[in-house]
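A look at the structure
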Amino acid sequence: MQNDTQPLNNTLVSKSLSAADYVPTLDAMLARTLERIDLKKRQGLHTPDELWIVDHNDVYTLGQAGKEEHILQRTDTPIIKTDRGGQVTWHGHGQLVIYWLFDLDSLKWSVRNLVSHAEQAIEDVINDCLRSSPSSSDNISAHARRDAPGVYLYADTGATDDSTSTDDNSLDNKIMLGKMASLGFKIKHGFSYHGIAINLNCDLSSFNAINPCGYAGMQMLRLSDFVAMQTDSEQTEPEAQTEQQMSDSFSYETVTQKLIDNIAKRHAGLIELRAIAPK
């Protein structure tokens, strides 16, 4: 497991971990959170918040109230009970995981603010990728839902009804295609940890062994099925691509950077919350 720490601003740093096993990552994240709590309570020290950008080795994680019945098939992939909210999910290569180690009290964020900022940051980045890609459909967009945390893709049916809402955040006249991003946090003494997971170019078959996030039959989606994304070989051998192909496609790294930038602006108060998602 390699890690690289970089300052994003005076109050936020990012830490990247590749090929990370889940248990040691969780242990380190909890230890850092407890250390920050102690420093604030005992010495009045305010430490920078942290974003952990993690490429996990394959693992299923079961949330604090997770039910074993949502694990449909036992495989060679380890199943780890963890302390975040939510049910069961999968993490692995090709999925972007970002853990938010934030002091919510210092930010003056409620837990609802944290969840909404996380969902809206994902919405912003996915929708930007969809709009910017010539291979994507104009009628597909990403939205959060009040009744089921996460971010989902919807297709616009094109139907018009004067009685329905014209709010951009409304899901009227849209059909849900499936779920692209999940989230689950843990709050301890006003500090958050755990975070979000977005399927970029991962193998979705691992989700077949579970009811993702506790929803039977939930269709999981990945960004690479909706926009052009570079393969690992194309990223390591850019000369194999034409200039046009490179400009029309996204890499795992470019999407990651878009999301880090968006979260950092929200953390700095430069992006305000939109109205919360409809039920």
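This report concerns the structure included in the present document. (Residues numbered from 1 in each chain as written. Predicted model: local features only at pLDDT ≥ 70, side-chain atom pairs only at ≥ 80, totals over all residues. Heavy atoms only, no water.)

So, the overall build of the protein
Per the secondary structure count, the protein includes 6 helices and 11 strands. Looking at the protein as a whole, 50% of its 279 residues qualify as buried. Looking at the protein alone, contacts between residues at least 24 apart form 65% of all its contacts between residues at least 6 apart. If you sum the accessible surface of the protein, you get close to 13500 Å²; carbon and sulfur atoms cover 48% of it. (Helix = DSSP H or I, 4+ residues; strand = E, 2+ residues; numbered from the N terminus. Buried < 20%, exposed > 50% of the residue type's maximum accessible area, 1.4 Å probe, protein only. Contact = heavy atoms within 4.5 Å. Areas by Shrake-Rupley, 256 points an atom, 1.4 Å probe, with all protein chains shown as cover.)

A word on the sheet that holds strand S5 (residues 79–81)
Taken in spatial order, the 3 strands line up as S5-S4-S6 in an open sheet, and their pairing is mixed. Looking at the sheet topology across the chains shown, the edges are occupied by S5 and strand S6 (88–91). Across the sheet, the axes of successive neighbouring strands diverge by a mean angle of 30°, strand direction being ignored. Alignment of strand S4 (residues 59–62) against S5, held across 3 bridges, turns out to be parallel. Within the sheet, the bridge partner assigned to Tyr60 lies in S5 and is Ile79. (Pairing = 2+ DSSP bridges. Axes fitted to C-alpha atoms, helices over the stretch in contact; angles between N-to-C directions.)

With respect to the environment of Asp4
Topologically, Asp4 is positioned in strand S1 (residues 2–9). Considering only alpha carbons, one finds Asp4 and Trp52, 48 residues apart in sequence, at a separation of 9.7 Å. Every residue in contact with Asp4, bar those within four places of it in the chain, is listed here: Ser14, Lys15 and Ser16.

As for the side chain of Thr77
Within the element layout of this structure, Thr77 appears in the loop between S4 and S5. In this structure Thr77 comes out as buried when scored by relative accessible area, which is 17%. Apart from the residues within four sequence positions on either side, Thr77 is in contact with Asp58, Val59 and Tyr60.

With respect to unusual backbone geometry
The phi dihedral of Ala19 falls on the positive side, at around 45°, and the residue is not glycine. Mapped onto the fold, Ala19 is located in strand S2 (residues 12–20). The phi angle at His194 is positive, at roughly 65°, despite the residue not being glycine. You can see His194 is positioned in strand S11 (residues 191–199).

Some points on the packing of helix H3 (residues 111–132) against helix H6 (residues 252–267)
The interhelical angle for the contact between H3 and H6, taken along N-to-C directions, is 140°, at an axis separation of 9 Å. The orientation of H3 relative to H6 falls into the category oblique. Here H3 runs over H6; the crossing is right-handed. Residues His117, Gln120, Ala121, Ile122, Asp124, Val125, Asp128 and Cys129 of H3 touch H6, and the partners they reach there are Val255, Lys258, Leu259, Asn262, Ile263 and Arg266. A per-class count over the contact of H3 with H6 returns 7 nonpolar, 3 polar and 4 charged. (Parallel < 35°, antiparallel > 145°, perpendicular 65-115°, else oblique. Left-handed = near helix turned anticlockwise from the far one by under 90°. Nonpolar A, V, L, I, M, F, W, Y, C, P; charged D, E, K, R; others polar.)

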